[in-house]
Structures are given as structure tokens and as C-alpha cells.
Amino acid sequence: MIIVSACLAGYRCRYDGACKTDPEIVDLIKRGEAIPACPEMLGGLPCPRVPSERTPDGTRVVTKDGGDVTEAFRRGAVETLRLAKLYGCDRAILKSRSPSCGKGMIYNGAFSGTLRAGNGVTTDLLSENGIMVETKD
Ligand code: SF4
């Protein structure tokens, strides 16, 4: 089984209430080979919500209007890992550049559209627990 970002599966769970449907991910779900999860909503954040970015040192997640959503992001990562274990997932396909789901490059915390090297909070936790993470745009 593969755990996938819910927004790639067609769920309208992004910060702006939109989705990023990817036909390949939808097919995986239709075939019963993938389970969708949105870490930010599993962490208790609403939809739509104020956009968030990880700080450059990776210790916090902040919103564009100055809030701190670090705990919600951590909760969402833990819940996503719990689901992944429940379904026996050893792979994840997540949404690129997200402060939760990104891998390799994420936005730099300045809300300027600039990327930096790094992973999302959920990607870090899944990787630390032996789940192979890849991302899609
Ligand atoms: Fe949810 Fe991850 Fe998609 Fe953001 S990128 S909407 S946290 S599934």
C-alpha cells in the first residue's frame, strides 16, 4: 500500500480550498493500492486556511499572518504515520514543495515564493520511520 497526499487524489484540502488532482494517484486509489491523507487537516487545521511555511531552521511552521501552527503540523504528521502503519504502507507519494508533504525543496519561510533545500514535517517523520517518500507536482 502507498499513502498519498489527499490533494493529489482530488480532495479539495489545500490551503486555498483547491486540489491538485493527479490521474495516476486517482488510479492507484481506484485499484485499492493507495490511501489518501491530508496531514494538515488531520492535524486539525481548517480548509481553507492561511498559508504556512516551515522556518529556515525547520523548528517551527508559521502562517503568513504571523501565527504558529507547529503543533498542528506535528499532530498531522503523527496521524499520517499512524494511518500509514495501519495500512501497511512502505511508500508515500506526496505533494511537492508543501511544508507538510514536500521533499528536497520547500518554501523558505519568508512567503516570497522562494524555495530552499528541505522536507515537509510529515515527509521527515515518514522517512524517519522507514517509509520511502517521493513527491509529485
Ligand atoms: Fe494536505 Fe499535503 Fe496536500 Fe497540503 S500538500 S493539502 S498537507 S495533502
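A brief structural summary. As the structure is a prediction and not an experimental result, all values here were calculated from the model.

1. Description of the overall build of the chain
Consideration 1: Broken down by element type, the chain carries four helices and eight strands.
Consideration 2: Against the compact-globule benchmark of 14 Å for 137 residues, the chain has a radius of gyration of 14 Å, which places it among compact chains.
Consideration 3: Its C-alpha atoms give the chain principal-axis dimensions of about 40 × 30 × 25 Å.
Consideration 4: Burial statistics for the chain: of 137 residues in total, 47% are counted as buried.
Consideration 5: Summed over its atoms, the accessible surface of the chain is roughly 6,700 Å², and 53% of this surface lies on carbon and sulfur atoms.
Consideration 6: Side-chain charges of the chain comprise 19 positive and 17 negative groups, with the mean position of each set lying 2 Å from the other.

2. Structural notes on the site of the ligand
Consideration 1: Taken together, 14 residues lie near the ligand, and Cys-7, Cys-38, Glu-40, Lys-95 and Cys-101 sit nearest.
Consideration 2: More than half of the atoms belonging to the ligand lie within 2 Å of the grid points that define the largest pocket.
Consideration 3: Residue composition of the shell around the ligand, by class: seven nonpolar, three polar and four charged.

Calculation rules
Residues numbered from 1 in each chain as written. Predicted model: local features only at pLDDT ≥ 70, side-chain atom pairs only at ≥ 80, totals over all residues. Heavy atoms only, no water. Helix = DSSP H or I, 4+ residues; strand = E, 2+ residues; numbered from the N terminus. Rg over C-alpha atoms; globule rule 2.2 N^0.38 Å. Buried < 20%, exposed > 50% of the residue type's maximum accessible area, 1.4 Å probe, protein only. Areas by Shrake-Rupley, 256 points an atom, 1.4 Å probe, with all protein chains shown as cover. Lys, Arg positive; Asp, Glu negative; His and termini not counted. Charge placed at Lys NZ, Arg CZ, Asp CG, Glu CD. Near = heavy atom within 4 Å. 1 Å grid on protein atoms, 1.4 Å probe; cavity = no way out; pocket = protein on both sides within 12 Å on 5 of 7 lines; lining within 4 Å. Sits in = over half its atoms within 2 Å of the grid points. Nonpolar A, V, L, I, M, F, W, Y, C, P; charged D, E, K, R; others polar.

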